[in-house]
Amino acid sequence: MQGEFRFSFGPWNIHEGADPFGPEVRKTIPFHEKLETYKKLGFDGIQFHDDDAVPNLNNMTQSEIVKEASELKKALDDHGLTAEFVAPRLWMDPRTIDGAFTSNCPECRKYAIERLKTTADIAEALGTKNIVFWLAREGTYIRESKDPVVATERIAEALQTVLDYNKNIRVMIESKPNEPVDHAFIPTIGHAIAMGLMTNAPDRVGCLIETAHAILANLCPSEEMGFALAHKKLWSVHLNDQNGLKFDQDQTFGMVDPRRALNQVRVLDKHGYGLNGEWVGLDVKVLRTQKDEVALKHLEYSRKIFLRLLEISRSLDDAKIDALIAERDYEELNYYILDAILK
Ligand code: XLS
Ligand code: MG
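Below: a short report on this structure. (Residues numbered from 1 in each chain as written. Chains lettered and ligands numbered in written order. Predicted model: local features only at pLDDT ≥ 70, side-chain atom pairs only at ≥ 80, totals over all residues. Heavy atoms only, no water.)

## So, the coordination of the magnesium ion (ligand 2)
Geometry reference: four tetrahedral donors at a metal, ideal angle 109.5 degrees. Six octahedral donors, ideal angles 90 or 180 degrees.
Thinking step 1. For the magnesium ion (ligand 2), the full set of protein donor atoms is Glu174 (OE), Glu210 (OE), His238 (ND1) and Asp283 (OD), at a range of 2.0 to 2.5 Å.
Thinking step 2. Counting the intervening residues between successive donors of the magnesium ion (ligand 2) yields the motif E-x35-E-x27-H-x44-D. Of this pair, glutamate 210 sits in strand S8 (residues 205–210) while histidine 238 sits in strand S9 (residues 234–239), and the two are 28 residues apart along the sequence. Across the pair, histidine 238 and glutamate 210 agree in class, each one buried. (Donors = N, O, S within 2.8 Å, 3.2 Å for Na, K, Ca; no water. Helix = DSSP H or I, 4+ residues; strand = E, 2+ residues; numbered from the N terminus. Buried < 20%, exposed > 50% of the residue type's maximum accessible area, 1.4 Å probe, protein only.)

Set out below in structure tokens:
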């Protein structure tokens, strides 16, 4: 049994329900109203994209950006909220059509680096040292369009630039194997951790594991977490669920496979995740079919399911599990776990 957990989510997890095939189906909740919901739902941390924090940043000077971010920090303080991380949104701008750090256009790569530095400024103003690299379009649709060696070096260069730009910040790389691109350059957490070794400050490069992204790579999320924990690199998580190899679903935690969810909670709890201030991030999407008045249940229930699974995990008898392992009676072990979930 280890510590207590603190929960976070990003403002994008409350949304209007548009998808690639249809428009918004719910009213927009303004950002200041979203802030009100955090504590009510049992969340203390907020995750940001750079332009969630400073929406118009492309048309603002550096000092205007920092001023706006500092005002936001005051609003967060007023709500008793902490900024967990800031991630540059490097996939919406026309200059990021072909990727950002790995774009084949030098001017576009320059834009991406400048935006990354701005992200570091915003993070500092918001009082967090964490930057997330979710490398949405760093990859290829056409394999021959980018040299993978050069692309990897370019990602490392971007990392090094931001690590040099602000010595207080650290970067958490969030791997994902595909979507929107066909083949992404950092598909797994092993790739993410290895990227740090290409910089001169590997101690400031860690990772964020998203359940759905591990499943999209056909990997077991709790094993990915275990790998990162063993390397002391698991600095954040995006818990959710995913029903097989299809588009990124960001389902309510445990929705598809409660046992798989239990194993994630268990590996985190058993190995002291959270004891150094790590947050339990829930990157979950509202079902498009939810009406306005019930459009926050995915957050409430993801947190609740985490806590219920935590209770189950802590109720398991470790001595009994060890004995079954020693006996190699894995069939009995399987029943013991299933029985605990089904009770
Ligand atoms: C996408 C990610 C993204 C990052 C932050 O799947 O969840 O939103 O976490 O850029
Ligand atoms: Mg995520």
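## As for the side chain of threonine 37
Thinking step 1. Looking at the secondary structure, you find threonine 37 in helix H1 (residues 31–41).
Thinking step 2. The exposure class of threonine 37 is buried, given its relative accessible area of 11%.
Thinking step 3. In this view, threonine 37 contacts Phe9, Ile14 and Leu296; residues no more than four positions away in its chain are not counted. (Contact = heavy atoms within 4.5 Å.)

## Brief notes about the pairing of S9
Thinking step 1. Counting buried residues along S9, 6 of its 6 residues qualify, which places the element largely inside the surrounding structure.
Thinking step 2. Looking at chain direction, S8 and S9 are connected through 4 bridges and run parallel. Counterpart to cysteine 207 in the pairing with S9 is leucine 234.
Thinking step 3. In this structure, S9 lies alongside strand S10 (residues 280–282), joined through 3 bridges in parallel fashion. Residue pairing in the sheet places histidine 238 in a bridge with glycine 281 of S10.
Thinking step 4. Running through helix H9 (residues 258–270), the crossover from S9 to the neighbouring parallel element S10 is right-handed. (Pairing = 2+ DSSP bridges. Right-handed = clockwise from strand over helix to strand, strands pointing away.)

## Quick word on helix H5 (residues 148–165)
Thinking step 1. The end-to-end C-alpha distance of H5, which contains 18 residues, comes to 26 Å, matching closely the 26 Å that a straight helix rising 1.5 Å per residue would cover.
Thinking step 2. Buried within H5 are the following residues: Ala151, Ile155, Ala156, Ala158, Leu159, Gln160, Val162 and Leu163.
Thinking step 3. Those residues of H5 hidden inside the fold are in contact with helix H4 (106–126), strand S4 (130–134), strand S6 (170–174), helix H6 (189–196) and S8. (Expected span 1.5 Å × (residues − 1).)

## With respect to a nonpolar patch on the surface
Thinking step 1. On the surface, Met255, Val256 and Leu287 cluster together into a nonpolar patch covering about 240 Å² of accessible area.
Thinking step 2. Tracing the backbone through its elements, the reader meets leucine 287 in the loop between S10 and helix H10 (297–315). (Patch = residues over 30% accessible without salt bridge, like charges linked within 9 Å, V, L, I, M, F, W, Y side chains within 5 Å. Areas by Shrake-Rupley, 256 points an atom, 1.4 Å probe, with all protein chains shown as cover. Salt bridge = Lys/Arg side-chain N within 4 Å of Asp/Glu carboxyl O.)

## What about the pairing of strand S2 (residues 45–49)?
Thinking step 1. Counted residue by residue, S2 has 5 buried out of 5 residues, so it is predominantly covered.
Thinking step 2. Because side chains alternate across S2, one face comprises the buried residues Gly45, Gln47 and His49, and the other comprises Ile46 and Phe48, equally buried.
Thinking step 3. Note that the unit made of strand S1 (residues 7–9), H1 and S2 has a crossover that is right-handed.
Thinking step 4. Pairing geometry for S2 and strand S3 (residues 82–87), over 5 bridges, is parallel.

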